[in-house]
Amino acid sequence: MSALEIQNIRKTYGAVETLKGIDISLESGEFLVLLGSSGCGKSTLLNIIAGLAEASGGDIRIGGRSILGVHPKDRDIAMVFQSYALYPNLSVHRNIGFGLEMRKVPAAERERAVQETAKLLQIENLLDRKPGQLSGGQRQRVAIGRALVRKPQVFLFDEPLSNLDAKLRMETRTELKRLHQMLGTTIVYVTHDQIEAMTLATRIAVMRNGRIEQLGTPEEVYDHPATLYVAGFVGSPPMNVLDGVVTGEGVQLDGGAVIALPVRLKNVVAAGRRVKLGVRPEALRLVGETADHRVLDVEIEVVELTGPELVVTGRVSGQRVTACLPPRTKLTVGMKQAFTFDEDALHLFDAETELALG
Amino acid sequence: MERQSFVFSVFIHACALLLAAVILAPLLWLFIMSISPAADLTAKPLVWWPQSIDFSRYGVLLSSVENSAGAAFVASLVNSILVAGMATIAALALAIPAAWAVSRTPSIGWSLYMVIATYMLPPVALAVPLYFGLAHLGLLNNVFGLALVYLTILAPFTTWLMKSGFDAIPREIEAAAMMDGAGLFATLRIITLPLAAPVMATSALFAFLLAWDEFFYALLFTSDLRAKTLTVAIADLAGGRVSDYGLIATAGVLAALPPVVIGLVMQRALISGLTSGGVKG
């Protein structure tokens, strides 16, 4: 039995359809990340699960029980808000214990649960403070603690890290992962940050325009993007996309070069078809001694050293290409450099439907 | 601004002093008038600083001898406290739920603007209908009747003021409380209303002042000690054949005291900033 089952959920605001039939089934202990840019419907979906918005159609089941129409407090869920939404007039202790207090849990038991949670999140020393006296990271922990203490079936996170600075965001991300591994809870997490999605999720649902573009493990989404959109959204810098036409020898890029197709793609696409060829920047490397079938002659325009890697931007037959190379690579602006890549790194998308081929 | 030049800080302080002087000078003059001998106040040229200090007028106004000026004044003081107090409490009781509802349901916001629109009417336009209405209900020259009239002035005003107060409290906090299992009333009692306390106190204070200072309706709808309020009583002092300016000033000082006391008492509640820290920032 699934911990959380989302069946054909739709949401319309007047004539605008923000969710166009979402289907996701989540096993207990899974960490699902809803990934998408703003306006894709991911927060709406989370709010529908939380009960803060009503679905226009479809069903949601938690532990086999339909929860549509059930009051949020009776759904056995807890939510961490983007703004934390702590109760500013109550102490941290009471903030965390509020859910138990409202559910008439005896004071002794409540006290034990609050202490346990505070210990887990290392905020025991903050229990007597008010939220206003805490730093952003501490507030974040209290908000997580408030959700954890109730031990609900499903946790909902609405962009919980977006208000933290970069360093704290990474630390908290790791902390969240640790908590998930330790507690084995079922989590639905909304974000627009693909790195958060890649690192935290056991499964990612990439959303766009109220639909799921791809639902899969981080590896699947990264290695086998189902659509051009997913390919461009996941990964930083984004995947290189080159326009071309399929010929007998491979893909003829607009403006010249021919790239040989690997065997797995040879019989999939007919000659003459317009396609988009995708290669991740980190898959590109300098051409070695041996001759190669897949060579991109790049005119280098910009070279950026980020520290761990060298990000090189240039043009191949007029089309833009980015490559991530080892930091010590000797390259100068204006030179021509041949790049190559493994055949497994080649992605092919239909130019019209933007769906992955092969 | 850590680094201010000396001249600039002198300038700032001088401006502050000037502002304080402009605001406080009439009050000071009012008080001086109330303790000056009558002759000083009618002398030409005017004696700004009294030769002798005379507190007797306070005794006159606060005396409880029957049918004296004091009895009339004290009765009007009590009436004012009753009317303003009742109107304020009733206005808050109506405005808190109304403001919260409008704040949380933007689609019904038009109703509040409709009510606010009635503010555009000058009081004179409503005087006659209100008079007939009160007469029909037998509430003319009655503290309850006057409080009812004031309520129609205060309720829209306080609702509007408190709506902006509730708007400043993030809805997510209430959503979080709801998911934590708190019912509507528990959420309001434990979370929302304590957070709205500063704006509620401000609304109450302004509502009380508005009712306390109201003159036009009080003059029209009251006629004797049973309901006459302070503003009308002070006007009566000025309206006789012989006006004792000192007595009028004394009444003014006494009339100013209750609002000042209330303001001091509520000062703590007026200091806002309680919401900081609940959400980001």
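Because the structure is predicted, anything quoted here is derived from the model rather than measured. (Residues numbered from 1 in each chain as written. Chains lettered and ligands numbered in written order. Predicted model: local features only at pLDDT ≥ 70, side-chain atom pairs only at ≥ 80, totals over all residues.)

Engineer: When you look at the overall build of chain B in this model, what are you seeing that I'm missing?
Structural biologist: Counting its secondary structure elements, chain B contains 13 helices and zero strands. Helices and strands in chain B line up, N terminus first, as α-α-α-α-α-α-α-α-α-α-α-α-α. With respect to the principal axes defined by its C-alpha atoms, chain B has extents near 70 × 70 × 35 Å. Across the 281 residues of chain B, 32% fall into the buried class. In chain B, once contacts between residues fewer than 6 apart in sequence are set aside, the share between residues at least 24 apart is 73%. (Helix = DSSP H or I, 4+ residues; strand = E, 2+ residues; numbered from the N terminus. Buried ≥ 20, exposed ≤ 12 C-beta atoms within 10 Å, placed from the backbone. Contact = placed C-beta atoms within 7 Å.)

Engineer: It is not clear to me how the overall build of chain A should be interpreted in this structure. Could you clarify?
Structural biologist: Each helix and strand counted, chain A has nine helices and 20 strands in total. Considered along the principal axes of its C-alpha atoms, chain A spans approximately 75 × 45 × 35 Å. Sequence separation of 24 or more characterises 64% of the internal contacts of chain A that already satisfy a separation of 6 or more.

Engineer: Where do I start with the sheet that holds strand 14 (residues 274-279) of chain A in this structure?
Structural biologist: Two pairing modes exist for strands in a sheet, parallel and antiparallel, and in both the strands are linked by backbone hydrogen bonds. Residue and element names in this part refer to chain A. Reading across the sheet, the five strands line up as 13-12-11-14-20 and stay open at both edges, with antiparallel pairing between neighbours. Single-partner strands in this sheet number two, and they are strand 13 (258-260) and strand 20 (347-350). Mean inter-strand twist for the sheet, computed between neighbouring axes without regard to direction, equals 40°. Alignment of strand 14 against strand 20, held across four bridges, turns out to be antiparallel. Counterpart to G278 in the pairing with strand 20 is H347. (Pairing = 2+ DSSP bridges. Axes fitted to C-alpha atoms, helices over the stretch in contact; angles between N-to-C directions.)

Engineer: Please clarify how helix 3 (residues 107-120) of chain A should be interpreted in this entry.
Structural biologist: Three or four residues apart is the spacing at which side chains of an α-helix point the same way, because the helix has 3.6 residues per turn. Residue and element names in this part refer to chain A. Its 14 residues give helix 3 an end-to-end C-alpha distance of 20 Å, which sits within 8% of 20 Å, the value for a rise of 1.5 Å per residue. Regarding helix 3, the residues found buried are R110, V114, T117 and A118. End-on, the buried residues of helix 3 take up no more than an arc of 100°, which puts them together on one face. Residues of helix 3 that are exposed and point more than 90 degrees away from the buried face comprise A108, E109, R112 and K119. Those residues of helix 3 that are buried are in contact with helix 2 (92-102) and helix 4 (136-148). (Expected span 1.5 Å × (residues − 1). Arc of directions from axis to C-beta.)

Engineer: Just checking my understanding: could you explain the UniProt feature "transmembrane region" (unreviewed entry) in chain B for this structure?
Structural biologist: All names here are of chain B. In this numbering, the UniProt entry assigns the feature "transmembrane region" (unreviewed entry) to residues 7-32, 71-100, 112-132, 144-162, 183-212 and 245-266. With 76% helix and 0% strand, residues 112-132 has end C-alpha atoms that lie 26 Å from one another. End C-alpha atoms of residues 144-162 are separated by 25 Å, and the span's content is 100% helix alongside 0% strand. (UniProt positions renumbered as here; feature names shortened; annotations may be inferred.)

Engineer: Help me understand the domain arrangement of chain A, please; the structure alone is not making it clear to me.
Structural biologist: Many analyses report the size of an interface as the accessible area lost when the parts associate. Residues and elements named next belong to chain A. According to the domain assignment, chain A contains domain 1 (4-233) and domain 2 (240-350). Placing a centre on the C-alpha atoms of domain 1 and another on those of domain 2 gives a separation of 39 Å. Class assignment for the residues of the side of domain 1 that touches domain 2 results in three nonpolar, one polar and no charged. (Domains from an automatic or database assignment. Nonpolar A, V, L, I, M, F, W, Y, C, P; charged D, E, K, R; others polar.)

Engineer: Sorry if this is basic, but what is going on with the interface of chain A and chain B here?
Structural biologist: Taken together, the 25 residues of chain A in the interface contact 21 residues of chain B. Secondary structure elements with two or more residues in the side of chain A that touches chain B: strand 6 (77-80) and helix 2 of chain A. In terms of residues, the side of chain A that touches chain B owes the most to one element, helix 2 of chain A, which gives three residues. A per-class count over the side of chain A that touches chain B returns 15 nonpolar, seven polar and three charged.

Engineer: Teacher, can you tell me more about the packing of helix 1 (residues 6-35) of chain B against helix 12 (residues 245-265) of chain B here?
Structural biologist: Axis angle and axis distance: for two packed helices, these are the angle between their axes and the distance between the axes, and together they describe the pair. All names here are of chain B. Between helix 1 and helix 12, whose axes approach to 7 Å, the crossing angle comes to 125°. As summarised for this structure, helix 1 and helix 12 are arranged oblique, according to the angle between their axes. The way helix 1 lies across helix 12 gives a crossing that is left-handed. Residues L30, F31, M33 and S34 of helix 1 pack against Y245, G246, A249, T250, G252 and V253 of helix 12. (Parallel < 35°, antiparallel > 145°, perpendicular 65-115°, else oblique. Left-handed = near helix turned anticlockwise from the far one by under 90°.)

Engineer: What am I meant to see in the domain arrangement of chain B here?
Structural biologist: Residue and element names in this part refer to chain B. Domain parsing of chain B yields domain 1 (1-54) and domain 2 (66-270). Taking the mean C-alpha position of each, domain 1 and domain 2 sit 31 Å from one another. Taken together, the contacts link seven residues of domain 1 with seven residues of domain 2. Put simply, the parts of the chain that give the side of domain 1 that touches domain 2 at least two residues each are helix 1 and helix 2 (38-42). The biggest single contributor to the side of domain 1 that touches domain 2 is helix 1, with four residues. The residue makeup of the side of domain 1 that touches domain 2, split by class, is five nonpolar, two polar and no charged.

Engineer: Even after reading the chapter, I still don't get the pairing of strand 18 (residues 319-325) of chain A, so can you show me in this structure?
Structural biologist: Walk down a regular strand and you will see the side chains alternate between the two sheet faces. Residue and element names in this part refer to chain A. Counting buried positions along strand 18 gives six out of seven residues, so the element sits mostly inside the fold. Looking at chain direction, strand 17 (residues 310-316) and strand 18 are connected through seven bridges and run antiparallel. Directly across from T313, in strand 18, lies its bridge partner T322. Where strand 17 folds back on strand 18, the antiparallel hairpin that results is connected by two residues, among which S317 adopts a positive phi of roughly 50°.

Engineer: Looking at this structure, I do not really get the confidence of the model for chain B. What am I missing?
Structural biologist: Reading predicted coordinates in detail is not appropriate for stretches of low pLDDT. All names here are of chain B. For chain B, per-residue confidence averages 87 on the pLDDT scale, and 93% of positions sit at 70 or higher. Taken together, the stretch residues 273-278 has pLDDT below 50 and engages in 23 contacts with residues farther than four places along the chain or on a different chain. Confidence estimates for the predicted assembly give a pTM of 0.81 and an ipTM of 0.82. (pLDDT = per-residue confidence, 0-100.)

Engineer: Which parts of the structure should I look at to understand the pairing of strand 19 (residues 336-340) of chain A?
Structural biologist: Relative to strand 19 of chain A, strand 15 (residues 285-286) of chain A runs antiparallel, the two being bridged by two bridges. Across the sheet, the residue bridging to R285 of chain A is T340 of chain A, located in strand 19 of chain A.

Engineer: Which parts of the structure should I look at to understand unusual backbone geometry?
Structural biologist: Generally, phi is negative for residues other than glycine and the peptide bonds are trans, each holding for most cases. Residues and elements named next belong to chain A. Cis geometry is found at the peptide bond from S236 to P237, where omega equals -5°. Counting through the fold element by element, P237 comes out in the loop between helix 8 (228-233) and strand 11 (240-246). Despite not being glycine, Y84 shows a phi value in the positive range, around 75°. For E354, which is not glycine, the phi dihedral falls at a positive 65°. When the 17 C-beta atoms within 10 Å are taken as the criterion, E354 is described as partly exposed.

Engineer: Quick question: what am I supposed to make of the sheet that holds strand 4 (residues 57-62) of chain A here?
Structural biologist: The strand order across the open sheet built from four strands is 2-1-4-5 (chain A), with neighbouring strands paired in antiparallel fashion. Of all the strands in the sheet, the pair left with one neighbour each is strand 2 (16-26) and strand 5 (65-66) of chain A.

Engineer: Help me out: how do you make sense of the environment of K119 of chain A in this one?
Structural biologist: All names here are of chain A. Residue position: K119 is located in helix 3. When the 10 C-beta atoms within 10 Å are taken as the criterion, K119 is described as exposed. Spatially, the C-alpha atom of K119 lies 22 Å from that of R103, the residues being 16 residues apart in sequence.

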